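Examination of the molecular architecture
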Amino acid sequence: MATSFGARKPSGFVRHASRHVCCVPATETRGVARVTVALSEPAGAAGPAGARADAPAGPGKTHPAASPPARQHPELTRHTARPPRRGQPRLAYGEPMYTVADGPKVVALTIDDGPSPVYTPQILAILRRYGVTASFSMVGRNAAAFPGVAREVAAAGHMIVNHTWNHHDLGYLAAVAVQDEISRATDAIHAATGQRPGMFRAPYGVWPPAVFRYCARAGLTPLAWSVDPRDWSRPGVGAIVRGIESDTRTGSIILEHDGGGNRSQTVAALKIWLPRLLEAGYQFTTP
Ligand SMILES: [Zn+2]
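Because the structure is predicted, anything quoted here is derived from the model rather than measured.

Topic: the overall build of the protein
Secondary structure summary: the protein contains 9 helices and 7 strands in total. Expressed as a percentage of its 287 residues, the buried residues of the protein come to 50%. Across the protein, the fraction of contacts at a sequence separation of at least 24, relative to all contacts at a separation of at least 6, is 76%.

Concerning helix 5 (residues 147–155)
Those residues of helix 5 that sit buried are V149, A150 and V153. Each buried residue of helix 5 sits inside an arc of 100° when the element is viewed along its axis, so together they form one side. Exposed positions of helix 5 whose direction lies more than 90 degrees from the buried face are G148 and A155. Structurally, helix 5 contributes buried residues whose contacts are with helix 3 (119–130), strand 2 (135–138), helix 4 (140–145), strand 3 (159–162) and helix 6 (175–193). Just beyond helix 5, the residue with positive phi is G157, at close to 90°.

Brief notes about the pairing of strand 6 (residues 253–257)
Of all 5 residues in strand 6, 5 are buried; the element is thus mostly enclosed. Residues of strand 6 alternate between two faces, with I253, L255 and H257 on one and I254 and E256 on the opposite face, all of them buried. Note: strand 1 (residues 106–112) against strand 6, 5 bridges, orientation parallel. From the neighbouring strand, A108 faces strand 6, where its bridge partner is I253.

Concerning the packing of helix 3 against helix 5
Closest axis-to-axis distance for the helix 3/helix 5 pair is 10 Å, and the angle between their directions is 15°. In terms of their interaxial angle, helix 3 and helix 5 are classed as roughly parallel. Considering how the two elements wind past one another, helix 3 and helix 5 form a crossing that is left-handed. On helix 5, the residues that touch T120, P121 and L124 of helix 3 are V149, E152 and V153. Residues belonging to the contact of helix 3 with helix 5 are distributed by class as follows: 4 nonpolar, 1 polar and 1 charged.

The rules behind these values
Every residue gets a number counted from 1 within its own chain, in the order that chain's sequence is written. Where totals are concerned, whole chains, interfaces and linings use all residues; where local detail is concerned, this predicted model gives features only for residues with pLDDT of at least 70, and gives and counts side-chain atom pairs only at 80 or more. Each helix corresponds to a stretch of at least 4 residues labelled H or I by DSSP, and each strand to a stretch of at least 2 residues labelled E; elements are numbered beginning at the N terminus. With C-beta atoms placed from the backbone, a residue is buried if 20 or more other C-beta atoms are within 10 Å of its own, exposed if 12 or fewer are, and partly exposed between those counts. Contact between residues is assigned whenever the C-beta positions, reconstructed from backbone atoms, fall within 7 Å. When we speak of the arc, we mean the arc of directions from the helix axis to the C-beta atoms. At least two bridges found by DSSP between two strands is the condition for calling them paired. Note on geometry: axes are lines fitted to C-alpha atoms, helical ones only across the stretch in contact, with angles between N-to-C directions running from 0 to 180 degrees. Roughly parallel refers to an angle under 35 degrees, roughly antiparallel to one over 145, roughly perpendicular to one between 65 and 115, and oblique to any angle outside these ranges. Each helix crossing is assigned a hand: it is left-handed if the near helix lies turned anticlockwise from the far helix by less than a right angle, otherwise right-handed if that turn is clockwise. Residue polarity is assigned by list, with Asp, Glu, Lys and Arg as charged and Ala, Val, Leu, Ile, Met, Phe, Trp, Tyr, Cys and Pro as nonpolar; anything else, Gly included, falls into the polar class.

Now the structure itself:
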């Protein structure tokens, strides 16, 4: 059964399960640890995974016997457990987009924390091979450091999403600092690519009210995800592949990473699961 949307913090903002620790200075890692405590899986669940009673149907190549335990936060399960609405989702204020609604077996691939001079070109080559358009959530300082890679992403026709300047946990920042994190990233991405992102993804899926207020003012659509194979934790190529294949369904927004550390597992897994989803009839859109 779908779990409740019950992880709202007393302060009113939402923390999600993504605890990717890339691009994280030591001070931020402490914040991540706190999120881990706040959103840890149910008691008795060992390690990063817990039991999931409502595993969604896979894309036709599921591995029920080999599937790892839960990979999703209850909030994400809640969102994947309901069908996406027809047409473009109309978001309530204070709610990011979790799914796309472009028709049966249409999903979106989002790739976060780059651009990286090592991994982004490898991922671009795979996407080009299969004719897939994805969304790259860029960290502003990385776009500033590797503008040529950012331009390569844009030139290939992929969507670019604002992922803050420095990948801070925005739940710890004052509203003015939140605004600075987002606007500075927009400036860096614009300087590198000539594009101003129309969407924003919060690091770690932390969505304090100040983020929604600023996104509304800046014309940015808040973008979340619904399938997280936790590639950032380097769980193994097979685990990433199984996570995506078992959790992806119509409307899924898949989360992967091209920055923040060694992403060789992400690249290797992409070569496996992407053609499989395509063979299973999935199509890729951008949010
Ligand atoms: Zn990130």
